[in-house]
Amino acid sequence: IPKSMQQDGGNRLATFILYLNTLPSIAGGATSFKDLSIQCKPDQGKGLLFFPCYADGSADDRTFHCGQIAMETKWIAQIWIHERPCHSPTAFDTR
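Residues numbered from 1 in each chain as written. Predicted model: local features only at pLDDT ≥ 70, side-chain atom pairs only at ≥ 80, totals over all residues. Heavy atoms only, no water.

**Focus: a nonpolar patch on the surface**
So, point 1. Taken together, the side chains of Leu13, Phe16, Leu49, Phe51, Ile79 and Ile81 present a nonpolar region at the surface, about 550 Å² in accessible area.
So, point 2. Those elements that provide at least two residues to the nonpolar patch are strand S1 (12-19) and strand S6 (76-82).
So, point 3. The residue Ile79 is located in strand S6 in this model.
So, point 4. On the accessibility criterion, Ile79 (47% relative accessible area) is partly exposed. (Patch = residues over 30% accessible without salt bridge, like charges linked within 9 Å, V, L, I, M, F, W, Y side chains within 5 Å. Areas by Shrake-Rupley, 256 points an atom, 1.4 Å probe, with all protein chains shown as cover. Salt bridge = Lys/Arg side-chain N within 4 Å of Asp/Glu carboxyl O. Helix = DSSP H or I, 4+ residues; strand = E, 2+ residues; numbered from the N terminus. Buried < 20%, exposed > 50% of the residue type's maximum accessible area, 1.4 Å probe, protein only.)

Here you go:
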């Protein structure tokens, strides 16, 4: 996470992506880790867990990733675990 975004919650210690639907291979939509030569195909019910930084808090650049273009609708649920409580505003924020 860029330093400017670390004030609330700090680094992301872990990221979990749950694929909520399956896409045919020809439809794309894989999560791609270029530096690791890994592509995770979206298959319903499968999860992807990775750790974006080292124990000392420095970024593990190998975990930079992107979602490839999907030719069909792709649904995911994502959870980020931060160093500290994160107070990102949501639609349900009552503060």
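**A few points about the nonpolar core**
So, point 1. The biggest cluster of nonpolar side chains holds six residues, and these are Ile17, Tyr19, Phe33, Cys40, Leu48 and Phe50.
So, point 2. Secondary structure elements with two or more residues in this core: S1 and strand S4 (47-50). (Core = buried A, V, L, I, M, F, W, Y, C linked by side-chain atoms within 4.5 Å.)

**Quick word on the sheet that holds S1**
So, point 1. Judged by pairing direction, the sheet is antiparallel, and its three strands sit side by side in the order S4-S1-S6 without closing on themselves. At either margin of the open sheet sits one strand with a lone partner, and together these are S4 and S6. Looking at each pair of strands side by side, their axes are set apart by 10° on average, direction ignored.
So, point 2. Pairing of S1 with S4 involves four bridges; the strand directions are antiparallel. The partner of Phe16 across the bridge, within S4, is Leu49. (Pairing = 2+ DSSP bridges. Axes fitted to C-alpha atoms, helices over the stretch in contact; angles between N-to-C directions.)

**A short note on the side chain of Asp43**
So, point 1. Relative to the helices and strands, Asp43 is located in the loop between strand S3 (38-40) and S4.
So, point 2. The buried category is assigned to Asp43, whose relative accessible area is 19%.
So, point 3. Within the structure, Asp43 has its side chain in polar contact with the side chain of Lys41 (distance 2.7 Å).
So, point 4. Ignoring sequence-local partners within four residues, the contact set of Asp43 consists of Tyr19, Asn21 and Thr22. (Polar contact = N/O pair within 3.5 Å; in protein donor to acceptor, adjacent residues only side chain to side chain. Contact = heavy atoms within 4.5 Å.)

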